[in-house]
Amino acid sequence: DPAQRRVRELAALSKRLQQVHPNVLAKVLKQGTLYQDEEIVAINKPYGLPVHGGPGIKNCIADVLPILAKMLENMKAEPLHLCHRLDKETTGVMVLARNKEVAERIRLLFKTRQVEKIYWAISLGDPDPAEGIVEIPIVEKEVRSHQSHYKMTLAPNYRLSPEDGKVVKIRKNRNAESAVTRYRRLASSSACSLLELQPVTGVKHQIRVHLAYGLGCPILGDHKYSHWSKLAPQKLPEVTLKRLKLEQSKARHLPLHLHAHRLSLPLGQRIDLICKPPLFFQKTLKKLDLDVANE
């Protein structure tokens, strides 16, 4: 079946990215260049490619920055510098700086929340209300199950009192980071929604946690945050499986549908960087009948 095959191909592609020669990887990134001037280079980050190295990671963006810089500047160039990070499975706009000073300046802009970030995500379910702000602190916790692992989760400052159902303030978790995400539904169909998201803060896995645990609408293909206590593939509604021509047993191959769609940087004048979603994301939109013609 073509749909099952495409899903398998994506999983294989992610593995292949770990086996290609760094020069080939740099070339792929060069082809995905969205913008460049004398201070920055913006690239389209591919799916399944980590930003930083780690155990079992042979290829990552950080390692090929010197090669990429040379390819963009005809052999003579300082290595490019990372300014922010995206999760391995997230695609879209990523900004690199041509020197240390610019990198520091941009990191400060991110830190002081002066960079406007717009993401697109396909979520399971429909957020209620269709537009709003999730403002719930996030903390990392250990999940004690037969496979113990760590996950980010919500650490709310309020809860409902069991006696009368009133909202009661509770003691703050000292380790929790404040997290704010604006969201807006752009389309909904086939038990899924296309959401536009604006993270105001930059906590690890913030969008994924706010959608899954704050709104009860996990991102399509987010197997980590679709359950709390177990590491298991996401369970999809019948209508979604049908539209995607997918069996539930193959759902584990579904990629995370989270895309950094736009970044707006105040560098002198405002630089607007836009990147359209990858092909697999566009195909899913089509199959689920999520129409964004008005965007």
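Refer to the structure printed above.
Residues numbered from 1 in each chain as written. Predicted model: local features only at pLDDT ≥ 70, side-chain atom pairs only at ≥ 80, totals over all residues. Heavy atoms only, no water.

Observations regarding the nonpolar core
Ile43, Ile61, Leu68, Leu80, Leu197 and Leu211 are the most contacted members of the largest nonpolar core, which totals 32 residues. Counting only elements with at least two residues in this core, the list comes to α2 (22-31), β2 (40-45), α3 (61-72), β4 (91-97), β5 (116-124), β12 (192-199), α5 (206-214) and β13 (258-267). The biggest single contributor to this core is α3, with six residues. Mapping this core onto the domain boundaries places at least three of its residues in each of domain 1 (1-112) and domain 2 (116-264 + 280-288). (Core = buried A, V, L, I, M, F, W, Y, C linked by side-chain atoms within 4.5 Å. Buried < 20%, exposed > 50% of the residue type's maximum accessible area, 1.4 Å probe, protein only. Helix = DSSP H or I, 4+ residues; strand = E, 2+ residues; numbered from the N terminus. Domains from an automatic or database assignment.)

Re the packing of α2 against α3
Geometry of a packed helix pair, given as the angle between the helix axes and the separation of the axes. It is at 8 Å that the axes of α2 and α3 come closest, and there the two elements cross at 65°. Considering the angle they form, α2 stands roughly perpendicular to α3. Remark: the crossing between α2 and α3 carries right-handed chirality. Along the contact surface, α2 presents Pro22, Asn23, Leu25, Ala26, Lys27, Leu29 and Lys30, while α3 presents Ile61, Val64, Ile67, Leu68, Met71 and Leu72. Per-class residue counts for the contact of α2 with α3 are ten nonpolar, one polar and two charged. (Axes fitted to C-alpha atoms, helices over the stretch in contact; angles between N-to-C directions. Parallel < 35°, antiparallel > 145°, perpendicular 65-115°, else oblique. Left-handed = near helix turned anticlockwise from the far one by under 90°. Contact = heavy atoms within 4.5 Å. Nonpolar A, V, L, I, M, F, W, Y, C, P; charged D, E, K, R; others polar.)

Notes on the packing of aromatic side chains
Applying the stated criterion to the full structure yields two aromatic pairs. Taken together, a centroid distance of 5.4 Å and an interplanar angle of 75° make the contact between tyrosine 47 and phenylalanine 280 edge-to-face. One end of the pair, tyrosine 47, is in the loop between β2 and α3; the other, phenylalanine 280, is in helix α7 (residues 279-287), with 233 residues separating them in the sequence. Here the two residues tyrosine 47 and phenylalanine 280 agree in accessibility, since each one is buried. Between tyrosine 213 and tyrosine 225, the aromatic rings sit 6.0 Å apart at their centres with planes inclined by 75°, giving edge-to-face as the arrangement. Of the two residues, tyrosine 213 is situated in helix α5 and tyrosine 225 in the loop between α5 and α6 (238-244); the sequence distance between them amounts to twelve residues. What makes tyrosine 225 buried here is its relative accessible area of 1%. (Phe/Tyr/Trp six-rings, centres within 6.5 Å; stacked < 30°, edge-to-face > 60°.)

With respect to α3
One turn of an α-helix holds 3.6 residues; hence residues three or four places apart share an orientation. For α3, the set of buried residues is Ile61, Val64, Leu65, Leu68, Ala69 and Leu72. Projected onto a plane normal to the axis of α3, the buried residues spread over an arc of 160° and lie on a single side. Buried residues along α3 sit against α2, β1 (33-36), β2, β3 (81-82) and β4. (Arc of directions from axis to C-beta.)

Description of the pairing of strand β14 (residues 269-274)
One ladder, built from six bridges, connects β13 with β14; its direction is antiparallel. In the strand pairing of β14, leucine 265 is matched with isoleucine 271. Remark: one residue form the turn of the hairpin made by β13 and β14, two consecutive strands paired antiparallel; glycine 268 in that turn has positive phi of roughly 65°. (Pairing = 2+ DSSP bridges.)

Overview of the environment of leucine 263
Relative to the assigned elements, leucine 263 resides in strand β13. On the accessibility criterion, leucine 263 (4% relative accessible area) is buried. Once the C-alpha coordinates of leucine 263 and isoleucine 118 are considered, the two residues, 145 residues apart in sequence, prove to be 6.4 Å apart. Once you skip the residues sitting within four places of it in the chain, leucine 263 turns out to touch His84, Val93, Val95, Phe110, Val115, Glu116, Lys117, Ile271, Asp272 and Leu273.

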